[in-house]
Amino acid sequence: MQERARRTGRAPPALATMPSLPDHLSLEWEAFWSLDGDRSTGFSSVGRIPFTAIERYAARLGLTDPDAFRRFRVLIQRMDAAYLAHLAKRRPQPGK
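Keep in mind it's a predicted model, so treat the numbers as computed, not measured.

Asker: Just to check I follow, could you spell out the overall build of the protein for this structure?
Answerer: The secondary structure content of the protein amounts to five helices and two strands. Once local pairs closer than 6 in sequence are excluded, the contacts in the protein between residues at least 24 apart make up 43%. Summing over all exposed atoms, the protein offers an accessible surface of approximately 7,600 Å²; the carbon and sulfur share of this is 54%.

Asker: Is there a simple way to think about the environment of Ile49 in this case?
Answerer: Among the secondary structure elements, Ile49 is positioned in the loop between strand 2 (45-46) and helix 4 (51-61). Looking at Ile49, the relative accessible area reads 5%, which means it is buried. Each C-alpha atom, one on Ile49 and one on Arg39, is 4.8 Å from the other, the two residues being 10 residues apart in sequence. Here Ile49 is in contact with Phe32, Leu35, Asp36, Arg39, Ile54, Ile76 and Asp80, once residues within four sequence places are set aside.

Asker: Explanation requested: the side chain of Arg39 in the structure shown.
Answerer: Here Arg39 shows up in the loop between helix 3 (26-35) and strand 1 (41-42). At 2.8 Å, the side chain of Arg39 forms a polar contact with the backbone oxygen of Gly47. Reaching out from Arg39, the side chain makes a polar contact with the side chain of Asp80 at a distance of 2.6 Å. Each residue touching Arg39, except ones within four places of it in the same chain, is listed here: Phe32, Val46, Gly47, Arg48, Ile49, Pro50, Asp80, Tyr83 and Leu84.

Calculation rules
Residues numbered from 1 in each chain as written. Predicted model: local features only at pLDDT ≥ 70, side-chain atom pairs only at ≥ 80, totals over all residues. Heavy atoms only, no water. Helix = DSSP H or I, 4+ residues; strand = E, 2+ residues; numbered from the N terminus. Contact = heavy atoms within 4.5 Å. Areas by Shrake-Rupley, 256 points an atom, 1.4 Å probe, with all protein chains shown as cover. Buried < 20%, exposed > 50% of the residue type's maximum accessible area, 1.4 Å probe, protein only. Polar contact = N/O pair within 3.5 Å; in protein donor to acceptor, adjacent residues only side chain to side chain.

Next comes the structure, spelled out in structure tokens:
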């Protein structure tokens, strides 16, 4: 949305109410969207980001401390759960 606002000179209304991301969470935010491609998909469903993908990504980042990995994993899994809940709300319900 920000890119579109820069290109067109007009900001979409949603941009004005968009929450800002604290700087200390930018790594997890980037990781979440990078890991989005590792989910399983089928027909009209989207699966969770697999633990193994999160673990591989954390290893690539050098998160070897168990507490640091746990924090990273929990944040990614909670963002994932919220994202999947959001998608479920947007999905058309049969018979409606």
